[in-house]
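What follows is each chain in one-letter form.
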Amino acid sequence: MASVEEEIKALEDEIQNTKYNKATSHHIGRLKAKLAKLKDEAVMRAMASAGGGEGYSVKKSGDGTVVLVGFPSVGKSTLLNKLTGNTDSETASYAFTTLTVVPGAMEHKGANIQILDIPGLIAGAAMGKGRGKEVIAVVRGADLILLLGDVYNEKHINVLINELYDAGIRINKKKPDITIKKASNGGIRFNTVGYSGLDLEEIRAILAENKIVNADVLIRGEVTQDDFIDAMFGNRVYVPAFFAINKVDLVDEQTRRDIVKDVTKRFGRPPIMLSAHSGYNIEKLKDEIYEQLGFIRIYMKPVGGKADMEEPLIIREPATVEDVCNKLHREFVSKFRYAKVWGPSVKHDAQRVSLPHQLLDGDILTIVTRA
């Protein structure tokens, strides 16, 4: 009897060797769904067997959480120490120094950002190799992923991306607008808003692999088979990510340029070239983390008082008045009467708005509640 790894390899080979066209699309969709199910079950088994070892249960704090993902010995611990200035993450010149998740706090532009240093990922981490099962659980809960390589292994970043993908983590991708509601009868009923890119037979073949034969399916916009498979499982997370290459002080300028060109060509965006040891480009990295987290500044104005223009409330966009209420106090929403806004999100100053009003960077906000 073939092992799970052998079944996965056989399916991957068949998909790769089958030429995609309209005639084979249903078959490929079925194979992809079967492959995804096998991988998903393997990851879930690995997660279930993880004892949640010491140091892996980390409570999120601050205005956003960033996790440092990379191979062992790329300099994550040194980088954490440089970013936070006060975190005791052990560093050494050998692999696997960090055996637990080490949290640190970075203050930047008024935001309090949690940085997590995790054990280095290795190939097979999603299936539970090394400390992968515990590490992946932490990564899934992050607001932003910093994929860190160094000048000696930058070509291996795609291995990290594949591990995250196998663990159900979709980086730099918007969640597709797909609704699948199981039904008791009626077969597969398929509706679209706009051109979906999939037909009923493809959808039926994919759902059948997960033993779904009756369902209402609604797709808004164009999607792929992989998108639909992700929606079928319903346990994928969509997290923004960016790349940084460490230890650039150890190579010459031409090597640096070659690395930037290679990473940009493969991933569509240039990496931040830095040296955690010397501090080179650390401020640039802090700015990028702030930008990637999508922070906006809201200046709070008490009723009848002056706005506090010195210490803004930092919140991630898109942010509504309700989001601000929830961040300030748990009773603000239930006691909410109305809010007033001065700034770019309204047509005129002191405009009255309700909870769903979407705020923009630089808005001044007054919240009025019932006594």
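These figures come from a predicted structure and were not determined experimentally. Each chain carries its own residue numbering, running from 1 in the written order of its sequence. Where totals are concerned, whole chains, interfaces and linings use all residues; where local detail is concerned, this predicted model gives features only for residues with pLDDT of at least 70, and gives and counts side-chain atom pairs only at 80 or more. Hydrogen atoms and water are omitted, and side-chain values are computed over all heavy atoms in the structure.

**Q** Looking at this model, I keep getting lost on the packing of helix 6 (residues 200-209) against helix 7 (residues 225-233). Mind explaining?
**A** Helices that pack against each other are described as a pair by the angle of their axes relative to one another and the distance between those axes. With their axes 11 Å apart at the nearest point, helix 6 and helix 7 run at an angle of 40° to one another. As judged from the angle between their axes, helix 6 and helix 7 are oblique. When the axes of helix 6 and helix 7 are compared, the crossing they make is right-handed. Judged by residue contacts, E202, I203, I206 and L207 of helix 6 engage Q225, F228, I229 and M232 from helix 7. Partitioning the contact of helix 6 with helix 7 into residue classes produces six nonpolar, one polar and one charged. Under this scheme, a helix contributes an axis fitted over its contacting stretch, all axes are lines through C-alpha atoms, and angles between N-to-C directions fall in the 0 to 180 degree range. The helix count covers DSSP runs of H or I at least four residues long, the strand count covers runs of E at least two residues long, and both are numbered beginning at the N terminus. Working rule for angles: under 35 degrees goes down as roughly parallel, over 145 as roughly antiparallel, 65 to 115 as roughly perpendicular, anything else as oblique. Crossing handedness: left-handed means the near helix sits turned counterclockwise from the far one by under a right angle, and right-handed means the same turn made clockwise. The contact criterion used is simple: two residues touch if any of their non-hydrogen atoms lie within 4.5 Å. Only Asp, Glu, Lys and Arg are considered charged in this grouping, and only Ala, Val, Leu, Ile, Met, Phe, Trp, Tyr, Cys and Pro are considered nonpolar; every other residue, Gly among them, is considered polar.

**Q** Even after reading the chapter, I still don't get the sheet that holds strand 10 (residues 241-246), so can you show me in this structure?
**A** Strands pair in a sheet through their backbones, by hydrogen bonds, and they do so in one of two ways: parallel or antiparallel. Taking strand neighbours across the sheet as the criterion, the six strands line up as 2-3-1-4-10-11 in an open arrangement whose pairing is mixed. With partners counted over all chains shown, the strands left at the sheet margins are strand 2 (102-108) and strand 11 (272-273), one partner each. Relative to strand 11, strand 10 runs parallel, the two being bridged by two bridges. For I245, the partnering residue across the bridge sits in strand 11 and is M273. Contacts from helix 9 (residues 282-292) reach strand 1 (64-70), strand 2, strand 3 (111-117), strand 4 (144-150), strand 10 and strand 11 within the one sheet, and its direction differs from that of strand 2 by about 90°. Any two strands between which DSSP finds at least two bridges are classified as paired.

**Q** Any chance you could explain the environment of W342 here in plain terms?
**A** As for its position among the elements, W342 is in strand 15 (residues 336-342). W342 sits 10 residues away from R352 along the chain, and the two C-alpha atoms are 9.5 Å apart. Aside from chain neighbours lying at most four places away, what touches W342 is K301, D349, A350, G362, D363, I364 and T366.

**Q** I would appreciate a short explanation of the packing of helix 3 (residues 76-84) against helix 9 in the present structure.
**A** Across the interface, helix 3 lies against helix 9 with an axial gap of 11 Å and an inter-helix angle of 80°. For the element pair helix 3 / helix 9, the angle class is roughly perpendicular. Across the interface between the two elements, L79, K82 and L83 from helix 3 touch I282, L285, K286 and I289 from helix 9. Partitioned by chemical class, the residues of the contact of helix 3 with helix 9 number five nonpolar, no polar and two charged.

**Q** Before we go on, may I ask you to explain the pairing of strand 12 (residues 295-300) in this structure?
**A** Walk down a regular strand and you will see the side chains alternate between the two sheet faces. Pairing of strand 12 with strand 13 (residues 313-316), which is carried by four bridges, proceeds in the antiparallel orientation. Counted as the bridge partner of R297 is I314 from strand 13. Here strand 12 runs beside strand 18 (residues 364-369); their pairing, made up of two bridges, is parallel. Note on strand 18: the bridge partner recorded for Y299 is I364.

**Q** Could you clarify how one ought to interpret the packing of aromatic side chains in this entry?
**A** Any pair of aromatic rings gets described here by the distance separating the centres and the angle formed by the planes. Two aromatic rings, drawn from Phe, Tyr or Trp (for Trp, its six-membered ring), form a pair once their centres lie within 6.5 Å of each other, and the interplanar angle then sorts them: stacked below 30 degrees, edge-to-face above 60, tilted otherwise. Tallied over the entire structure, the rule returns two aromatic pairs. With a centroid separation of 4.7 Å and 25° between ring planes, the pair formed by F243 and F267 is classed as stacked. Separated by 24 residues along the polypeptide, F243 in strand 10 and F267 in helix 8 (residues 253-267) bring together distant segments of the chain. For F243, a relative accessible area of 3% gives the class buried. In this structure F267 comes out as partly exposed when scored by relative accessible area, which is 21%. Placement of a charge over a ring requires the Lys NZ or Arg CZ to be within 6 Å of the ring centre, with the centre-to-atom vector within 35 degrees of the ring normal. It is K109 that lies over the ring of Y290; its NZ or CZ is 5.2 Å from the centre. Buried, partly exposed and exposed residues are distinguished by accessible area as a fraction of the type maximum, computed with a 1.4 Å probe on protein chains only: under 20%, between the cut-offs, and over 50%, respectively.

**Q** Just checking my understanding: could you explain the pattern of salt bridges for this structure?
**A** Pairing between side chains becomes possible if they bear opposite charge and their charged atoms approach one another. Salt bridge, as used here, is a side-chain nitrogen of Lys or Arg placed within 4 Å of a carboxyl oxygen of Asp or Glu. In the structure shown here, the tally under the stated rule is 21 salt bridges. Across the salt bridge formed by D216 and R189, the nearest N and O atoms sit 2.6 Å from each other. Of this pair, D216 sits in strand 8 (residues 215-220) while R189 sits in strand 7 (residues 188-193), and the two are 27 residues apart along the sequence. Note on R189: relative accessible area 32%, which makes it partly exposed. In this structure, R266 engages D262 in a salt bridge whose closest nitrogen and oxygen atoms are separated by 3.1 Å. Here R266 pairs with D262, and both are found in helix 8, just four residues apart, close to one helical turn. For D262, a relative accessible area of 18% puts it in the buried group. Connected via shared salt-bridge partners are D40, R170, D230 and R236.

**Q** What is the right way to look at the confidence of the model for the protein chain in this model?
**A** Low pLDDT means the predicted coordinates in that region are not meant to be read closely. Per-chain confidence: the protein chain averages 86 in pLDDT, with 88% of residues scoring 70 or above. Confidence scores per residue from the predictor, reported as pLDDT, run from 0 to 100. Note on residues 51-55: pLDDT under 50 across the span, and four contacts to partners over four residues away in sequence or across chains. Counting contacts from residues 90-98, a segment whose pLDDT is below 50, to residues more than four positions away or on other chains yields 19 contacts.

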